[in-house]
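Structural overview for review
Letter by letter, the chains look like this.
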Amino acid sequence: MEKMIHQQVEESLADYLQPFKETYKDEGFSFQIESAVQIESAVTDVGVTGFFKDKYHPDEATPFCLLRLSILHDCRQIHITNIFLPEFMRHKAIGRQMIGILFRLAKQQGYDLFLVDMVNSFYRRMINRGALPCDECDDVVQIVDTTDLR
């Protein structure tokens, strides 16, 4: 039986993120992936919650929204609505690599990938990397083959 695209997304992200548990074990990094399928609207929401040690309470894990996306099956689009990395994971291309994983998977399944609800600075950086701006929105870009995600 062929896996649904949201299952492929979950597995691909889990495979990518798993080694970071060891890399960032001193920071207590961990993650959890959840999906919610909305049959009536043909949308699947996927969320990746990350965790790291609370610096004031080292025995407690601080949750954060690492990645959130919606798969719109009717129009064959994936919308990344949130991507966030804690300070210790920034500037290592981790976010761009996750976008790249999702882009390759989307393309393989005949879906388009969009970054939506973007802050202006991230929007500008993605435009400079070759993402395509959307005509009707000033906070949405489409990831395409020529987008530099290195």
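Just above sits the structure.
These remarks concern the structure in this document.

Looking now at the packing of helix 1 (residues 5-23) against helix 2 (residues 94-108). The geometry of helix 1 relative to helix 2 is characterised by a closest axis approach of 10 Å and an angle of 150 degrees between their N-to-C directions. On the basis of their axis angle, the class for helix 1 and helix 2 is roughly antiparallel. The handedness of the crossing between helix 1 and helix 2 is right-handed. Residues I5, Q8, V9, S12, L13, Y16, L17 and F20 of helix 1 form the contact with helix 2, whose participating residues are I94, Q97, M98, I101, L102 and L105.

Here we come to the nonpolar core. With 41 residues, the main nonpolar core has V9, F29, L69, L113, L115, M126 and I143 as its most contacted residues. Top element by residues in this core is helix 2. It accounts for eight residues. Here L113 is in contact with I78, I80, I99, L102, F103, A106, V141, Q142 and I143, once residues within four sequence places are set aside.

Another point: helix 3 (residues 120-128). All of the buried residues in helix 3 are F122, Y123 and M126. The buried residues of helix 3 occupy one face: seen down the axis, they fall within an arc of 105 degrees. Pointing more than 90 degrees away from the buried face of helix 3 are the exposed residues N120 and N128. Looking at the buried positions of helix 3, the neighbouring elements they touch are strand 4 (77-83), helix 2, strand 5 (112-115), strand 6 (132-133) and strand 7 (141-143). With its phi angle positive at about 100 degrees, G130 sits one or two positions after the end of helix 3.

Let's shift gears to the environment of T81. In this structure, T81 sits in strand 4. With 14 residues separating them along the chain, T81 and L67 place their C-alpha atoms 7.8 Å apart.

Next up on the list: the pattern of salt bridges. Following the criterion strictly, the structure yields five salt bridges and no others. Between D145 and K107 there is a salt bridge, and its shortest N-O distance comes to 2.6 Å. A residue pair is termed long-range when its members are at least 10 positions apart, and D145 in the segment after strand 7 and K107 in helix 2 qualify at 38 residues. Residue classification places K107 among the partly exposed residues on the basis of a relative accessible area of 47%. The shortest N-O distance in the salt bridge between R129 and D148 comes to 3.6 Å. Taken together, the residues span a long stretch of sequence, with R129 in the loop between helix 3 and strand 6 and D148 in the segment after strand 7 at a distance of 19 residues. For R129, a relative accessible area of 25% gives the class partly exposed. Judged by its relative accessible area of 25%, D148 is partly exposed. Overlapping salt bridges, with partners in common, bring together R129, D148 and R150 in one network.

Within a pair of aromatic rings, the relevant descriptors are the distance that separates the centres and the angle that separates the planes. A full pass over the atoms with the stated rule returns seven aromatic pairs. An angle of 55 degrees between the planes, with centres 5.3 Å apart, marks the rings of Y24 and F88 as tilted. Here Y24, found in the loop between helix 1 and strand 1 (30-38), pairs with F88, found in the loop between strand 4 and helix 2; they are 64 residues apart in sequence, far enough to count as distant. Of the two residues, Y24 and F88, both sit in the buried class. Taking the centre distance of 5.5 Å and the plane angle of 50 degrees together, the rings of F52 and F64 count as tilted. One end of the pair, F52, is in strand 2 (residues 43-53); the other, F64, is in strand 3 (residues 61-72), and 12 residues separate them in sequence. The partly exposed category is assigned to F52, whose relative accessible area is 21%. Pairwise contacts between aromatic rings join Y16, F20, Y24, F52, F64, F84 and F88 into one cluster. It is K21 that lies over the ring of F31; its NZ or CZ is 5.1 Å from the centre.

What counts, and where the lines are drawn
In this numbering scheme, every chain counts its residues from 1 along its sequence in written order. Selection of residues for local features in this predicted model requires a pLDDT of at least 70, selection of side-chain atom pairs for listing and counting requires 80 or more, and totals for whole chains, interfaces and linings are taken over all residues. To get the side-chain values, take all heavy atoms of the structure and skip hydrogens and water. Note on method: axes are straight lines fitted to C-alpha atoms, helices fitted across the in-contact stretch only, with angles between N-to-C directions ranging 0 to 180 degrees. Elements are defined by DSSP. Helices are runs of H or I of four residues or more, strands are runs of E of two residues or more, and each kind is numbered from the N terminus. The scheme is simple: roughly parallel for angles under 35 degrees, roughly antiparallel for over 145, roughly perpendicular for 65 to 115, oblique for anything else. For any pair of crossing helices, the crossing counts as left-handed if the nearer helix is rotated counterclockwise from the farther one by less than a right angle, and right-handed if it is rotated clockwise. In what follows, a contact means two residues having at least one pair of non-hydrogen atoms within 4.5 Å. Residues belong to one nonpolar core when they are buried, are Ala, Val, Leu, Ile, Met, Phe, Trp, Tyr or Cys, and are joined through side-chain atoms within 4.5 Å. Burial here depends on accessible area, computed with a 1.4 Å probe over protein chains only, as a share of the maximum for the residue type. Under 20% is buried, over 50% is exposed, and the range in between is partly exposed. Taking the helix axis as origin, the arc is that swept by the directions to the C-beta atoms. Salt bridges are defined by distance alone: a side-chain nitrogen of Lys or Arg within 4 Å of a carboxyl oxygen of Asp or Glu. For Phe, Tyr and Trp, rings pair up if their centres lie within 6.5 Å, where Trp contributes its six-membered ring, and each pair is then called stacked (planes under 30 degrees apart), edge-to-face (over 60) or tilted (otherwise). We count a charge as sitting over a ring when the NZ of a lysine or the CZ of an arginine lies within 6 Å of the ring centre and within 35 degrees of the ring normal.

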